[in-house]
Amino acid sequence: MNNTRRIIFTFSLISVLVATYNLTLTSGLLHHFHRIWHLHPSTLSLINAAPLVGMAVGGLLLGMLSDRVGRATILRWNWLIIFLSSVAVLFVFSPLTLITARVLLGIGLGSDFAIIFPYIVELGNRSRMVIAVLGLGDFGQWLAYAVDALAQHLKLYRLPFVLGILWVIPLALGRRQLPESLVWQQYRVKNYARWMLSLRTSKTRTHVVKTGLPWALHQISGQGLALFLPSLLLGLMPSAAPWGPTVIKFLVLPAFLVTIQVVRIMGPVKWQVATFSLRALSFSGACVAIGAHWSHWIAIALLTGALFWGSAGPDKTTVLIPSLLFRPSIHTSGQGMAEFLGRLGSLLGVLLFGSLVITGHTLVALGGFALSDFLGAAISLSLFAIPLWSLPTGHKPLPASSLIHD
């Protein structure tokens, strides 16, 4: 790994860790917010959903802007949005400020997800690097669970927000060294009318729908479970609630290592279909275990399985596939549009199914998660008709010509 690739890899790891940590950090504090502010369950769901609103907007708008002004140009400055919104929450601690600041935070986080992965591909890095970077995102989520539990134990409820600011410092320093993508410079469409026309072609629309819908269906159960796992455990087994999410997430951290190996053999589409199906079966089994009043440990084990298959499969592949699909002139625009559909799914998962979890309707929520994953598997079958280029299996970097051109 040369020095430029090392810089990009390190920067990408930090960016995704910061994103997933900040996205998850309120999930373990909802009970505290309810106690001090007497909030309605829908407002608690909105606190968790707020950054997802920003991510939908930021991924779409800044992803499109990146195709006009460059990848590094956006990535060198969007950390300011993340930093300032985190500071605002720390010093003006109220429900309205929390929700507003986390929407702004999401704009910065969403732009990272729209730009970083096409950027990695364009700079000649393998799909394994994309999966490894997303794997550290799982660690960021685990870290948020652990810090939330520690904050509750010490009764230092602003600690997660303080650390959220500190994580931004290395993020800001690393971005100053980012090189611009030569692929973007070579294939950039300078004429605005031509660029807009390329976004409206039937092929582009088809690619957005076929990659965005599975992303959305995964996010329904993915964010719905991840952001309300502490609340779900509180209902199933209160004694496991404080540290349970930390332990469960720790058990699924190695999932991305499975993804790296299996995607090289099966390809991302087959693996996405398989893991969507396994995740749906895990949720279905959890519904049966809870409905039949089996041991709560069986339900928790099945939920851990659902987290594992999501982390090993669609959590990685729904981001990877569009980064390998759209041509360079609309690379981050396409990724941003697919992400926009994905975030709409996450909003549905958090606002609807998350509220069901908070109000004790766990069976209905888990049934909805199972259905969304079965649909994700079915719709992902349509991706077999799209000619993805062959994934490299050795140490050969991705050539620019590997990207599909219209």
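Residues numbered from 1 in each chain as written. Predicted model: local features only at pLDDT ≥ 70, side-chain atom pairs only at ≥ 80, totals over all residues. Heavy atoms only, no water.

### So, the overall build of the protein
Within the protein, the regular secondary structure consists of 20 helices and 0 strands. Its C-alpha atoms give the protein a radius of gyration of 20 Å, within 12% of the compact-globule value 22 Å for 406 residues. Burial statistics for the protein: of 406 residues in total, 62% are counted as buried. The long-range fraction of contacts in the protein, counting pairs at least 24 apart against all pairs at least 6 apart in sequence, stands at 86%. In the form shown here, the protein has an accessible surface area of approximately 15400 Å², with 71% of it arising from carbon and sulfur atoms. Of the charged side chains in the protein, 28 are positive and 10 negative; the average position of the first set lies 3 Å away from that of the second. (Helix = DSSP H or I, 4+ residues; strand = E, 2+ residues; numbered from the N terminus. Rg over C-alpha atoms; globule rule 2.2 N^0.38 Å. Buried < 20%, exposed > 50% of the residue type's maximum accessible area, 1.4 Å probe, protein only. Contact = heavy atoms within 4.5 Å. Areas by Shrake-Rupley, 256 points an atom, 1.4 Å probe, with all protein chains shown as cover. Lys, Arg positive; Asp, Glu negative; His and termini not counted. Charge placed at Lys NZ, Arg CZ, Asp CG, Glu CD.)

### Observations concerning unusual backbone geometry
Here the phi dihedral of H38 falls at roughly 55 degrees; this positive angle occurs in a residue that is not glycine. Following the sequence through the fold, H38 ends up in the loop between α2 (30-37) and α3 (41-69). Judged by its relative accessible area of 66%, H38 is exposed. Positive phi, close to 60 degrees, is recorded for H293, a residue that is not glycine.

### Overview of the nonpolar core
Formed by 106 residues in total, the largest nonpolar core has its most connected members in F33, F117, I120, F161, F283 and L366. Per element, the largest residue contribution to this core is 13 residues, and it comes from helix α6 (residues 95-122). Other than its neighbours up to four places away in sequence, F161 contacts L25, T26, L29, F33, V89, L90, F93 and L98. With 10 residues, the next largest nonpolar core counts W195, L199, F326 and I330 among its residues. (Core = buried A, V, L, I, M, F, W, Y, C linked by side-chain atoms within 4.5 Å.)

### Considerations on helix α15 (residues 255-266)
Since the α-helix advances by 3.6 residues per turn, residues separated by three or four positions end up pointing in the same direction. Between the first and last C-alpha of α15 there are 16 Å, a value that for 12 residues agrees with the 16 Å anticipated at 1.5 Å per step. Of the residues making up α15, those classed as buried are A255, F256, T259, I260, V262 and V263. Elements that come into contact with the buried residues of α15 comprise α7 (127-154), α14 (244-252), α16 (268-291), α17 (296-312) and α18 (314-323). (Expected span 1.5 Å × (residues − 1).)

### Here's the deal with the confidence of the model for the protein
Scored by pLDDT, the protein comes out at a mean of 86, with 93% of its residues at no less than 70. For the protein, helix α13 (residues 229-236) is the element with the lowest average pLDDT, namely 76, and α16 is the one with the highest, namely 95. Across residues 389-406, confidence stays below pLDDT 50; counting only partners more than four residues off in sequence or on other chains, it has 44 contacts. (pLDDT = per-residue confidence, 0-100.)

### Topic: the packing of helix α12 (residues 202-226) against helix α20 (residues 362-380)
The axes of two packed helices give the description: the angle between them and the distance between them. At their nearest, the axes of α12 and α20 sit 8 Å apart, and the two run at 155 degrees to each other. As summarised for this structure, α12 and α20 are arranged roughly antiparallel, according to the angle between their axes. For α12 against α20, the interelement crossing comes out left-handed. For the pair formed by α12 and α20, the contact residues are L213, P214, L217, H218, I220, S221, G224 and L225 on the first element and F369, S372, D373, L375, G376, I379 and S380 on the second. Residue classes in the contact of α12 with α20 are distributed as 8 nonpolar, 6 polar and 1 charged. (Axes fitted to C-alpha atoms, helices over the stretch in contact; angles between N-to-C directions. Parallel < 35°, antiparallel > 145°, perpendicular 65-115°, else oblique. Left-handed = near helix turned anticlockwise from the far one by under 90°. Nonpolar A, V, L, I, M, F, W, Y, C, P; charged D, E, K, R; others polar.)

### Let's talk about the packing of α6 against helix α19 (residues 331-358)
Where α6 contacts α19, the two axes come as close as 9 Å, and the packing angle between them is 140 degrees. One way to sum up the angle between α6 and α19 is to call them oblique. At the point where α6 passes α19, the crossing takes the right-handed sense. Residue-level inspection shows G110, F113, A114, I115, F117, P118, V121 and E122 of α6 in contact with α19, the latter providing H331, T332, Q335, G336, E339 and R343. Here the contact of α6 with α19 is composed, by residue class, of 6 nonpolar, 5 polar and 3 charged.

### Considering helix α8 (residues 159-166)
For α8, the complete set of buried residues consists of P160, F161, L163, G164 and I165. Here the buried face of α8 lies against α1 (3-24), α2, α5 (79-91), α6, α7 and α9 (168-175).

### Structural notes on the side chain of Q141
Turning to its location among the elements, Q141 is positioned in helix α7. Looking at Q141, its side chain comes within polar contact range of the side chain of K249, at 2.6 Å. Apart from the residues lying within four places of it in its own chain, the contact partners of Q141 are T20, Y21, T24, A226 and K249. (Polar contact = N/O pair within 3.5 Å; in protein donor to acceptor, adjacent residues only side chain to side chain.)

### Details of the pattern of salt bridges
This model, assessed by the stated rule, comprises 7 salt bridges. R279 is paired through a salt bridge with D373; the nearest N and O atoms lie 3.2 Å apart. Residue R279 is found in helix α16, and its partner D373 is found in helix α20; the two are separated by 94 residues along the sequence. With a relative accessible area of 2%, R279 lands in the buried category. In this structure, the salt-bridge partner of K316 is D315, at a minimum N-O distance of 2.9 Å. Judged by relative accessible area, which is 25%, D315 ranks as partly exposed. When salt bridges with common partners are traced through the structure, they connect D138, K249, D315 and K316 into a single cluster. (Salt bridge = Lys/Arg side-chain N within 4 Å of Asp/Glu carboxyl O.)

### A few points about the environment of W77
Relative to the assigned elements, W77 resides in the loop between α4 (71-75) and α5. W77 gets classed as exposed once you look at its relative accessible area, which sits at 57%. In this structure the C-alpha to C-alpha distance between W77 and V208, which are 131 residues apart in sequence, comes to 27 Å.

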